[in-house]
Amino acid sequence: MMRAVSIAAVATIIPALLLYLWTVTYALTDLAFIWLLFVAPLIFMSNRLLVLQRWRAERRVVLRDESFIAPWMTGQLWAFVSSILLAAVLIPALAWHALTMPADVAGILCALSFAAGTVFLTLRSFFQRHFMPPFDRVFASGPSTWTVGLPFAFILFYVTWHASDIPTEMGSASFVQALSIDLHQLPERGSWLSQVFRLASDFDSVKLWIVTQADEYPAVAGFYNLDMVLFGLLTARASIVITNFIETHYDGRSA
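Below: a short report on this structure. Being a predicted model, the structure only gives us computed values, none of them experimental.

Calculation notes
Position labels on residues start from 1 in each chain and follow its written sequence. In keeping with the model being predicted, local features are shown solely for residues with a pLDDT of at least 70 and side-chain atom pairs are shown and tallied solely at 80 or more, while totals for entire chains, interfaces and linings include all residues. With hydrogens and water excluded, all non-hydrogen atoms of the structure serve as input to the side-chain values. By definition, any uninterrupted DSSP run of H or I lasting at least four residues is a helix, any uninterrupted run of E lasting at least two residues is a strand, and each is numbered from the N terminus. Burial status follows relative accessibility: with a 1.4 Å probe on protein chains alone, a residue under 20% of its type maximum counts as buried, one over 50% as exposed, and anything between as partly exposed. Whether two residues touch is decided by their heavy atoms; if any such pair falls within 4.5 Å, the residues are in contact. Surface exposure here means Shrake-Rupley accessible area, sampled with a 1.4 Å probe, where a residue is shielded only by the protein chains that are shown. Salt bridge, as used here: a side-chain nitrogen of Lys or Arg that lies within 4 Å of a carboxyl oxygen of Asp or Glu. The term nonpolar core refers to a set of buried residues drawn from Ala, Val, Leu, Ile, Met, Phe, Trp, Tyr and Cys, joined through side-chain atoms within 4.5 Å.

Describing the overall build of the chain
Part 1: A count of helices and strands for the chain gives 9 helices and 0 strands.
Part 2: For the chain, the succession of helices and strands along the chain, N to C, is α-α-α-α-α-α-α-α-α.
Part 3: Out of the 255 residues in the chain, the part that is buried amounts to 44%.
Part 4: Taking all contacts inside the chain whose residues are at least 6 apart in sequence as the whole, residues at least 24 apart take part in 77%.
Part 5: As displayed, the chain has an accessible area near 13900 Å², and 71% of this comes from carbon and sulfur atoms.

And the structure:
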């Protein structure tokens with residue numbers, strides 16, 4: 001159990017430290033994005049490893065070695081595409097939330113990451129008694145994502161919803177005026193990075209404007225933080241694949 005806890009802790013601390021360095025150095029320079037360039041390969045390689053572990057095991061069962069399509073059915077393409085998509089969605093979201101989220105939300109995300117990794121390794125230890133590798137890892141990843149990610153996703157939804165400080169001028173603002181209301185006190189710089197995050201800030205302003213205009217319709221207002229549910233699930237998935245990556249290399253095995 002201590003082994004699982006220590007590996008899950010490492011899988012939580014490494015991304016958290018890199019994102020903290022990103023947050024601190026963003027106030028100083030656009031070169032802060034270098035820290036994100038460490039997080040992105042970590043997510044990419046970790047997801048790629050788990051996808052390839054599954055495909056290579058299935059390939060030995062379903063594909064004949066003498067088949068002329070065997071050299072093409074390596075699983076590399078799907079592993080590459082799925083890993084690129086996960087990193088492409090998560091890195092901007094992690095970068096933005098790291099800059100704007102309060103300390104309690106950061107703590108929830110760290111708890112989510114640690115819990116997802118610990119549950120994954122615990123389930124994997126159980127499935128190891130019944131399934132051949134790498135299916136112990138594969139079968140543990142799905143339930144771990146949902147059983148940890150979904151509850152934490154709704155915790156994130158609740159906390160960020162009640163932590164939202166709606167500016168008084170938002171209630172009477174038009175759609176165009178809402179875009180000019182700055183919800184986040186980020187450093188102002190005439191740089192490409194500032195322009196990218198200006199789009200994210202505008203997106204938050206639009207969501208909040210919709211909520212203020214539809215305050216009599218709770219169902220509509222609930223959409224304001226619906227993206228936090230998806231963010232929580234994706235964070236759980238990323239935590240699990242990173243934990244698997246660290247454990248695989250910890251044991252001296254790689255795919």
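As for the pattern of salt bridges
Part 1: Throughout the structure, instances matching the rule amount to 4 salt bridges.
Part 2: Arg 124 serves as the salt-bridge partner of Glu 247, at 2.6 Å between the closest nitrogen and oxygen. Taken together, the residues Glu 247 in helix α9 (residues 226-250) and Arg 124 in helix α4 (residues 103-127) connect sequence positions 123 residues apart. Arg 124 shares its class with Glu 247; the two are buried.
Part 3: When the shortest N-O distance is used, the salt bridge between Glu 247 and Arg 137 registers 2.8 Å. Remark: Arg 137 occurs in helix α5 (residues 135-163) and Glu 247 occurs in helix α9; sequence separation between them is 110 residues.

Considering the environment of Ala 115
Part 1: Take Ala 115: it is sitting in helix α4.
Part 2: Residue classification places Ala 115 among the partly exposed residues on the basis of a relative accessible area of 22%.
Part 3: Apart from residues no more than four positions distant in its own chain, Ala 115 is found in contact with Val 148 and Phe 152.

Looking at the nonpolar core
Part 1: Trp 22, Tyr 26, Ile 43, Leu 90, Leu 156, Phe 197 and Ile 242 are the most contacted members of the largest nonpolar core, which has 48 residues in total.
Part 2: Elements with a minimum of two residues in this core: α1 (2-26), α2 (33-62), α3 (76-100), α4, α5, α7 (192-213) and α9.
Part 3: Ignoring any residue separated from it by four or fewer positions in sequence, one finds Ile 43 in contact with Leu 86, Ala 87, Leu 90, Ile 91, Leu 94 and Ile 242.

The values reported here are purely geometric and, on their own, carry no functional implication.
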